[in-house]
Amino acid sequence: MIVAVSHAGDDHAAPVLEALRRLGEEAVVLDTGELPGRGAISAEFGVRRPGAGIRGSHGFLRASDVTAVWWRRPQPLRPSPGLRSDDAGFAVRQAGEALSGLAASLRVRWVNDPWRESAASHKPHQLAVAERVGLAVPRTLVTNDPERARAFVGAAGRRRVVHKALHATPQDWRTTQFLGREERRRLRSIRFAPTILQHYVPGVDVRVTAVAGELFAAAIDARSTRSPEDFRPAFGEAKVEPCRLPVEVASRLRKLLRTLGLSYAAIDLRRRGDGEHVFLEANPSGQWLFVERRTGLPITDAVAALLAGRSAR
């Protein structure tokens, strides 16, 4: 049994589960948002045949039947309605401990291991590891010190600077944006929360979807669109096509993934005019369907093969 930890609204889950079924694999979606309010978790010890499992809208999932877990889009735990706030908080904390303990005890194939993915999601950590494995990275400052921020922007000279968030939820998601005159005047407000300031790297975006060492690369040319600094708002206007990575870049990306402990990641690079590939960031649970639909790269089948423990080719 392969478990996709996600939710019904995740448009990536359905095609992967369908690909798994074509491979003859049994797969199910586990929505952690059902716990503890609408679901139940149990684990038994000190008996001849200990057992554990989770009951939810998927039915009863026996831990011993699980062979692989796709840690795709875990949802926040939700308590039973009607509980007082302090009781609800206690219930969620207890459910979180039970779920984490059960997950840690599983001997399964993880895509990705949730603890390694959590560490790998931190952007400063990614940049440090990227430099360590030999990838080029843009000059970057993470700070909430206005003086350091002004000095960084001043040192950029005529080079443009972008700013982006360290972390975002669906409620406060922000695109990468150029630091304009108004933002420069308001740099003192950076003291309220750290942000990422980065020298802008002009060029073509290269989205690399890494699946168990196989790298699916697509060039996304958004230079002539309304959003050259971040292709996402203007993806429909951009030119998108499969591309090849230089051998040394591919080797360093695989080393990056091994160091971060990831078997899957969506990596953003920027290819400069001189051909150098600059590392921007990696998303351990990033989207790929938008690239697959424009390029035909068989990423969904590769993810399914990884979960099933088979070669993608």
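The structure this text deals with has already been given above.
Okay, so let's go over this structure. (Residues numbered from 1 in each chain as written. Predicted model: local features only at pLDDT ≥ 70, side-chain atom pairs only at ≥ 80, totals over all residues. Heavy atoms only, no water.)

Next up on the list: the sheet that holds strand β4 (residues 52–56). Here 3 strands make up an open sheet; going across it, the order is β3-β4-β5 and the pairing antiparallel. Strands with a single pairing partner mark the edges of an open sheet, and in this sheet they are β3 (40–43) and β5 (59–62). Averaged over all pairs of adjacent strands, the angle between strand axes in this sheet comes to 15°, irrespective of strand direction. With 4 bridges joining them, β4 and β5 adopt antiparallel strand pairing. When the bridges of β5 are listed, Ile 54 appears paired with Leu 61. Across the sheet, helix α2 (residues 85–105) is in contact with β3 and β4; its angle to β4 comes to roughly 130°. (Pairing = 2+ DSSP bridges. Helix = DSSP H or I, 4+ residues; strand = E, 2+ residues; numbered from the N terminus. Axes fitted to C-alpha atoms, helices over the stretch in contact; angles between N-to-C directions. Contact = heavy atoms within 4.5 Å.)

Burial within strand β15 (residues 264–271) is extensive, with 7 of its 8 residues counted as buried. Two elements, strand β12 (residues 204–211) and β15, share 8 bridges in a ladder whose sense is antiparallel. Looking at the pairing, Val 208 lines up with Ile 267 of β15. Bridge count for β15 against strand β16 (residues 277–283) is 6 bridges, and the pairing is antiparallel. Bridging from a neighbouring strand, Arg 271 pairs with His 277 of β16. (Buried < 20%, exposed > 50% of the residue type's maximum accessible area, 1.4 Å probe, protein only.)

The final tally for this structure, using the stated rule, is 2 cavities of 30 Å³ or more. Estimated volume of the largest cavity: approximately 180 Å³. What lines the largest cavity is a set of 16 residues, among which Leu 30, Ile 54, Leu 99, Leu 102 and Leu 106 lie closest to the centre. Within the residue set of the lining of the largest cavity, elements represented by two or more residues are β1 (2–5), β4, β6 (68–71) and α2. Per-element tally for the lining of the largest cavity: the top contributor is α2, with 3 residues. A class-by-class count of the residues in the lining of the largest cavity yields 14 nonpolar, 2 polar and no charged. Considered as a void within the structure, the second largest cavity measures approximately 50 Å³ in volume. Surrounding the second largest cavity, Trp 70, Trp 71, Arg 72, Val 111, Asn 112, Glu 117, Tyr 264, Pro 284, Ser 285 and Trp 288 form its lining. For the lining of the second largest cavity, the class distribution of residues is 6 nonpolar, 2 polar and 2 charged. (1 Å grid on protein atoms, 1.4 Å probe; cavity = no way out; pocket = protein on both sides within 12 Å on 5 of 7 lines; lining within 4 Å. Points joined across faces, edges and corners; volume = space filled by probe spheres on them. Nonpolar A, V, L, I, M, F, W, Y, C, P; charged D, E, K, R; others polar.)

On inspection of all chains with the given rule, the structure shows 16 salt bridges. In this structure, Asp 65 engages Arg 62 in a salt bridge whose closest nitrogen and oxygen atoms are separated by 3.8 Å. Among the ionic pairs, Asp 205 bridges to Arg 270, the shortest N-O distance being 2.9 Å. Placement of Asp 205 in strand β12 and of Arg 270 in strand β15 is noted, with a sequence separation of 65 residues between them. Of the two residues, Asp 205 and Arg 270, both sit in the buried class. (Salt bridge = Lys/Arg side-chain N within 4 Å of Asp/Glu carboxyl O.)

Moving on, we come to the layout of surface pockets. Quantified by volume, the second largest pocket comes out at close to 540 Å³. For the second largest pocket, the lining is made up of 19 residues, of which His 163, Arg 174, Ile 190, Ala 193 and Thr 195 are closest to its centre. Those elements that place two or more of their residues in the lining of the second largest pocket are β9 (161–164) and β11 (195–199). Class assignment for the residues of the lining of the second largest pocket results in 9 nonpolar, 6 polar and 4 charged.

Moving on, we come to helix α7 (residues 247–260). With 14 residues, α7 extends 20 Å from end C-alpha to end C-alpha; this agrees with the ideal 20 Å at 1.5 Å per step. Buried residues in α7 make contact with α3 (114–120), α4 (123–132), β12, β13 (214–221), β15 and β16. In the segment just after α7, Gly 261 is the residue with positive phi, at about 75°. (Expected span 1.5 Å × (residues − 1).)

Before going further, it helps to examine the packing of aromatic side chains. What describes a pair of aromatic rings is the distance from one ring centre to the other and the angle between the planes of the rings. Counted according to the given criterion, the structure contains 7 aromatic pairs. Between Phe 178 and Tyr 200, the ring centres sit 4.8 Å apart and the planes meet at 75°, which makes this aromatic pair edge-to-face. Here Tyr 200 lies in the loop between β11 and β12 and Phe 178 lies in strand β10 (residues 177–178), a separation of 22 residues in the sequence. On the basis of relative accessible area, Tyr 200 is assigned to the buried category, the value being 13%. Aromatic rings pair up to connect Trp 70, Tyr 264 and Trp 288 into one cluster. Over the ring of Phe 178 we find Arg 160; its NZ or CZ atom is 3.6 Å from the centre of that ring. Lying over the aromatic face of Phe 235, Arg 294 brings its terminal NZ or CZ to 5.0 Å of the ring centre. (Phe/Tyr/Trp six-rings, centres within 6.5 Å; stacked < 30°, edge-to-face > 60°. Lys NZ or Arg CZ within 6 Å of the ring centre and 35° of its normal.)

With that out of the way, let us pick up the packing of α4 against α7. When two helices pack together, their arrangement is given by the angle between their axes and by how far apart the axes lie. Orientation of α4 relative to α7, taken along the N-to-C sense of each, is 130°, at an axis distance of 9 Å. One way to sum up the angle between α4 and α7 is to call them oblique. Crossing angle aside, the handedness with which α4 passes α7 is right-handed. When α4 is examined against α7, the residues His 125, Gln 126, Val 129, Ala 130 and Arg 132 are found in contact with a partner set consisting of Leu 256, Thr 259 and Leu 260. (Parallel < 35°, antiparallel > 145°, perpendicular 65-115°, else oblique. Left-handed = near helix turned anticlockwise from the far one by under 90°.)

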